Amino acid sequence: MILDGKCPSGPLAEKWSKHCQEMKLVNPANKRKYRVIVVGTGLAGASAAATLGELGYNVEAFCYQDSARRAHSIAAQGGINAAKNYPNDGDSIFRLFHDTIKGGDFRSREANVYRLAMVSNHIIDQCAAQGVPFARDYAGYLDNRSFGGAQVSRTFYARGQTGQQLLLGAYSALSRQVAAGSVRLHPRTEMLDLVVVNNEAKGITVRDMVTGKISCYAADAVCLCTGGYTNVFYLSTNAMGSNVTATYRAYKKGAYFANPCYTQIHPTCIPVTGDHQSKLTLMSESLRNDGRVWVPKIRGDRRPSHDIPEEERDYYLERKYPSFGNLAPRDISSRAAKEVCDEGHGVGTGGRGVYLDFGDAIRRLGEDKIRERYGNLFDMYEKITDENAYQQPMRIYPAPHYSMGGLWVDYNLQSSIPGLFVLGEANFSDHGANRLGASALMQGLADGYFIIPYTIGSYLAQTKPGAVSTGNPEFIASVEGCEASIRRLLSINGRKTVNEFHRELGHIMWEHVGMARSSDSLAEALRRIPELRTEFWENVKIPGGEADLNQELEKAGRVADFLEFGELLAKDALLRNESCGGHFRVEHQMPDGEARRDDEKFCHVGAWEFKGSGREPELHKEQLVFENVHLAVRSYK
Amino acid sequence: MDLTLYVWRQKGPDDQGRLEEYQVKAITPDMSFLEMLDVVNEGLIRAGKEPIAFDHDCREGICGTCSQVINGMPHGPREKTAVCQLHMRSFRDGDTIYIEPWRARAFPVIKDLIVDRSALDRIMQSGGYVSVHTGGVPDANAVLISKADADTAMDAAECIGCGACVAACPNGSAMLFTAAKVAHLAALPQGRTEAARRVCLMTEAMLKQGFGSCSNHYECQAVCPKGISATFIAKLNREFIKAQMPGQ
Amino acid sequence: MNMLESSVGRKLVMSVTGLSMIAFVLVHLLGNTTLFYGPDGINAYAEALHRFGALVWAFRLLLLTVLLLHVFYGIQLTLENRAAKPRAYAIKSSRATTLAGRSMVWSGLLIGGFIFFHLLHFTLQLINPELAAGRHFDSLGRPDVFMMVVLSFRKMPVSLLYLGALAALGLHLMHSLQGAVQTLGLNNERTLPKVMKAGVLAAILIFLGYAAFPITVFTGLLR
């Protein structure tokens, strides 16, 4: 089937306003009759719930965390982009749009991305009005910086905690609606299933993580704002609880999953120290502005870094990419690091790390200058590694960071199931095959504050409020299904812990479906994942009961979904026989190691439809049409 | 490293709870404290026992979920460090470590080391916001904010809402948490309009949620993983006095 | 919510009443230094004060009200605070709390008890009636306060009791001077550490000032 993204016709710059005028509205007096479920309270979820509540809808907001304020958007460091052009350096909505499309390696929809660039300006206004303490200059105006190699300074920031401040802004708006009674919060509540009645999303089934009670909520529409799936790699920069369950179970209920193979690996994270490692910590990419990346030329060289003479060091990025050197893009530097480590040149425990050396910069600029620029990062590095990066090089290694893929949505952010809307990182829509720095925050808030309030209204205006209740057989079946699945998990009583399975899955994913994928490695993954999944269902050990706070049971449910989802991801990666953005197939590269896109065959979105357990999912395509940009080849020579 | 742990185990809110002893072996100094607990839990699960329940999520010191009192100190021995960023190199081979949940009337224990901190959310709901609608706001540069005020607001806004201040306070007071939000918004023109109302509502909510009052020990700022300053409490008091003035 | 229901509001009352009493303590200390001028000093001072007549009683009533407010809210807040922290840690370590801070309610109660004794002793003069200034007059016919104080402090138990009470006062002030400033919202990043040090220093000076009376008398420096 060919999917229709439902993008409005007309000139690019007028599509959204034209669409807004055409959308149907819900009478203000009728809004309270509609109930909307919002799952997840990150930037997308909190901003959507707050705005919908304020408009007058009845909102039920769910999150697995103990407070809405803790969603993982909070960990974003760098900043948020907007096309304000305050610095007068030539930025514009079109330029932000163009950079985002190009950064995504031409695998996203023009209309969506243009709209994102348009509303980016409103986001900054909105957040400032909420009291988000953005950085200011001495005159009292907002400060901007250049980020992620952008040619203009369009990134707004609040120290190194922009995500935190934006999320707390959205959370405060949400808190205001909770006080007003328009939003009811359900923390420590995990979505287990989407309930579809007559082919429309009408509710969800959840588990109360404190009492273990499974119950369901009926509504007139459901918004999933449940973030990304990079924890399928086990080790990632995501929070421990980040999972694919909500989106994957919606997929199993008929929502299409688009481009799961687009995952972003961030090059500058703190390396793994051992098997006990539970998560990876990201260090801002800005470090590469002054650090030089190298490894010892001799394989397995265990000498301390300062004992390795200059001529025995391989500054491999500078060698391979003479013009960009240490500033080579995320995917290129990540792959290069993996290659040298695979060849045995890696440093640190386990040999999975490369040096990021500030020695030259310190000699050139002085330690104080470096401290001024990166002091907080050096402190964080020392806290975690106990190493002083002023005196010895940092050790870094790439880590999974963000997922561009997600549930397929049309221009209205509506999935293939009417009434199911997907926002933020959980959808696939705006970043194509690769996301630019400081664009994730922009997209989450754009979807929640400025897009969903319009598009969901248009959907609701065409439905009768309160059409179904939880007494409907679909709800009862959903609850029974979830209960049965939990009982089945608890009854296995095998010998391996959930973490062991997750770690093994992560290993398979990282080795075979990670930064550099080949048809062989993907075939290997597709062979091993189902084996591991079978073993999981025979041999996992979950202590405790169902009617209790049971963290192992929570993890088991999520890992069970990752064990299925990982296969879908690998399948998608195998089918996408080209390299683009975060998806790199070793068979498709330029002589210099750059990704080689195949615009003839793959200039489309690949969206997967679930066809039942044990059956092959079906791939649907949405052709990507570019009317306003020229499909160029990235080059960082 | 080999360690002796005494961990608070409590089946549920109605259970009495007790400290249980665990002998832990082969811990490496580069493990984080929570990874050490992961190792303990893997062992417990294999032995057919219930693992220790504890709250955690981002494990990079920003979400504010982790909440453990280690040897009597919320977030453990390292200053300005949340438990999740504490590493075992802060301990020595043979150490005995006591791990307890946050303790305060407003934070009832749910299970083991997990407490219910929703009282902090309710303080926020009482007034920890600017009553602005989505849309219809002026251009972000239309309202100038001096760098000093923006920096003060950011200093206060860095609070991660973990509740260590409450756990450390001899009075179980949430003054530092509440003051950080009051001070953050009071420092900005956008938040000034509602400042008087906000400070009254938020301090009232704090009392109603069962938190104690401040008696100026400053244990809160000493344990705060973000180093939020107790001078924000003075700022809250100042805002409260202003709110009592005629015409407010 | 009424200001006096709010815990912040009641803390303000504690702060204002506390500072008022500290003002009294300072004036009282200053007045008492007339003791060092011998009978002519303090007896004249006492007589001068009594010329205010009814005003003296009005002042005493005011001071009593202030004291009672301070005590009432102090005890009420302490009980509330204990209830807010119903369970102690198995091991408690601390980075910032001080002995003075932790023992505020106890030092406060000791001071309260001492004030009661002090009033019986030197104001109502019922403890040592044989030394009562109301019964003995100096050569100018004034009540002989000097004699009463000096002969009282020559008794070791009395001097020790006063020194003990002054220690409680000093301890109380070590925490409360800085606390009052903080509660009134007068601190910022620069002042807080200074105010904390200054509070401790002032408390020690007040203690030394008052302690000088029993010490100089008992050791015979003042006779």
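Residues numbered from 1 in each chain as written. Chains lettered and ligands numbered in written order. Predicted model: local features only at pLDDT ≥ 70, side-chain atom pairs only at ≥ 80, totals over all residues.

1. Considering the overall build of chain B
Part 1: Across its full length, chain B holds nine helices and seven strands.
Part 2: With respect to the three principal axes, the spread of C-alpha positions in chain B is 65 × 35 × 35 Å.
Part 3: Across the 248 residues that make up chain B, the buried fraction comes to 64%.
Part 4: Taking the intrachain contacts of chain B between residues at least 6 apart in sequence as the baseline, contacts between residues at least 24 apart amount to 70%. (Helix = DSSP H or I, 4+ residues; strand = E, 2+ residues; numbered from the N terminus. Buried ≥ 20, exposed ≤ 12 C-beta atoms within 10 Å, placed from the backbone. Contact = placed C-beta atoms within 7 Å.)

2. Considering the overall build of chain C
Part 1: From N to C terminus, chain C includes eight helices and zero strands.
Part 2: Secondary structure elements in chain C, listed N-terminal to C-terminal, are α-α-α-α-α-α-α-α.
Part 3: Expressed as a percentage of its 223 residues, the buried residues of chain C come to 31%.
Part 4: Taking contacts inside chain C between residues at least 6 apart in sequence as the whole, the part at least 24 apart equals 73%.

3. Considerations on the domain arrangement of chain B
All names here are of chain B.
Part 1: According to the domain assignment, chain B contains domain 1 (3-110) and domain 2 (117-244).
Part 2: With centres defined by C-alpha atoms, the gap from domain 1 to domain 2 works out at 29 Å.
Part 3: Domain 1 puts 18 residues into the contact, and the matching count from domain 2 is 17 residues.
Part 4: Of the residues that constitute the side of domain 1 that touches domain 2, the class distribution is 10 nonpolar, five polar and three charged. (Domains from an automatic or database assignment. Nonpolar A, V, L, I, M, F, W, Y, C, P; charged D, E, K, R; others polar.)

4. Let's talk about the interface of chain C and chain B
Part 1: Across the contact, 38 residues belong to chain C and 42 residues belong to chain B.
Part 2: Among the elements of the structure, α1 (7-32), α3 (54-84), α4 (99-102) and α7 (156-183) of chain C are those that each provide at least two residues to the side of chain C that touches chain B.
Part 3: Of all the elements, α3 of chain C adds the most residues to the side of chain C that touches chain B, at five residues.
Part 4: Considered class by class, the residues forming the side of chain C that touches chain B number 16 nonpolar, 14 polar and eight charged.

5. Describing the sheet that holds strand β3 (residues 80-81) of chain A
All names here are of chain A.
Part 1: If you trace the three strands from one edge of the open sheet to the other, you get β3-β5-β4, paired in antiparallel fashion. The open sheet has two edge strands, β3 and β4 (144-145), and neither has a second partner.
Part 2: Sheet topology note: the β4/strand β5 (residues 155-156) ladder contains two bridges and is antiparallel. Residue pairing for β5: Asn144 is matched across the bridge by Phe156. (Pairing = 2+ DSSP bridges.)

6. Section: the nonpolar core
Part 1: Core analysis: the largest hydrophobic core is formed by 331 residues, its most contacted members being Val36, Cys223, Leu224 and Leu407 of chain A together with Cys165, Val166 and Leu176 of chain B.
Part 2: Counting contributing residues per domain, this core is built from domain 1 (3-110) and domain 2 (117-244) of chain B, each supplying no fewer than three. (Core = buried A, V, L, I, M, F, W, Y, C linked by C-beta atoms within 7 Å.)

7. Describing the environment of Gln462 of chain A
Part 1: As for its position among the elements, Gln462 of chain A is in the loop between α12 (440-460) and α13 (473-492).
Part 2: Spatially, the C-alpha atoms of Gln462 of chain A and Gly227 of chain A are 28 Å apart, while their sequence positions differ by 235 residues.

8. Observations regarding unusual backbone geometry
Residues and elements named next belong to chain A.
Part 1: In the Ramachandran plot, Tyr234 falls in the positive-phi region, its phi being about 65° despite a non-glycine side chain.
Part 2: By the element assignment, Tyr234 lies in the loop between β10 (221-224) and α7 (245-252).
Part 3: Overall, the presence of 24 C-beta atoms within 10 Å leaves Tyr234 in the buried class.
Part 4: At Asn493, a position not held by glycine, the phi torsion is positive, near 50°.
Part 5: Within the secondary structure layout, Asn493 lies in the loop between α13 and α14 (498-512).

9. A look at the interface of chain A and chain B
How big an interface is tends to be expressed through the accessible area that disappears when the partners come together.
Part 1: Contact with chain A, which involves 61 residues of that partner, is made by 65 residues of chain B.
Part 2: Listing elements by their share of the side of chain A that touches chain B, those giving two or more residues are α3 (43-55), α5 (110-130), α6 (162-180), α11 (367-385) and α16 (551-575) of chain A.
Part 3: In terms of residue count, α6 of chain A provides more of the side of chain A that touches chain B than any other element does, nine residues in total.
Part 4: The residue makeup of the side of chain A that touches chain B, split by class, is 24 nonpolar, 23 polar and 14 charged.

10. A short note on the sheet that holds strand β14 (residues 313-314) of chain A
All names here are of chain A.
Part 1: Taken together, five strands build an open sheet; the order of strands is β12-β16-β15-β13-β14 and the sheet is antiparallel. Single-partner strands in this sheet number two, and they are β12 (263-269) and β14.
Part 2: As paired elements, strand β13 (residues 292-296) and strand β15 (residues 354-357) share three bridges and run antiparallel to each other. In the strand pairing of β15, Val293 is matched with Leu356.
Part 3: Docked against the sheet, helix α9 (residues 330-342) engages β12, β13, β15 and β16 (394-403), running at close to 70° with respect to β12. (Axes fitted to C-alpha atoms, helices over the stretch in contact; angles between N-to-C directions.)

11. Brief notes about helix α1 (residues 15-22) of chain A
Residue and element names in this part refer to chain A.
Part 1: The set of residues buried in α1 consists of Lys15, Trp16 and His19. For α1, the buried positions fall inside an angular range of 90° around the axis, keeping them on one side.
Part 2: Contacts from the buried residues of α1 go to α5. (Arc of directions from axis to C-beta.)

12. Concerning the pairing of strand β19 (residues 604-609) of chain A
All names here are of chain A.
Part 1: Across two bridges, strand β11 (residues 257-258) lies against β19 in antiparallel orientation. Paired with Ala258 across the strands is Ala607, a residue of β19.
Part 2: Note: β19 against strand β20 (residues 618-623), six bridges, orientation antiparallel. Bridging from a neighbouring strand, Val605 pairs with Glu622 of β20.

13. Notes on the pairing of β13 of chain A
Residue and element names in this part refer to chain A.
Part 1: Buried residues dominate β13, accounting for four of its five residues.
Part 2: Relative to β14, β13 runs antiparallel, the two sharing two bridges. Bridging from a neighbouring strand, Pro296 pairs with Arg313 of β14.

14. Thoughts on the packing of α3 of chain A against α12 of chain A
All names here are of chain A.
Part 1: Packing of α3 against α12 brings their axes to within 8 Å, and their N-to-C directions diverge by 30°. Judged by the inter-axis angle, α3 sits roughly parallel to α12. Read as a crossing pair, α3 and α12 show a hand that is right-handed. Counting all contacts with α3, which are made through Leu43, Ala44, Gly45, Ser47, Ala48, Thr51, Leu52 and Leu55, the residues of α12 involved are Leu441, Gly444, Leu445, Asp447, Gly448, Tyr449, Ile452, Pro453 and Ile456.
Part 2: Counted by class, the contact of α3 with α12 contains 11 nonpolar, five polar and one charged residues. (Parallel < 35°, antiparallel > 145°, perpendicular 65-115°, else oblique. Left-handed = near helix turned anticlockwise from the far one by under 90°.)

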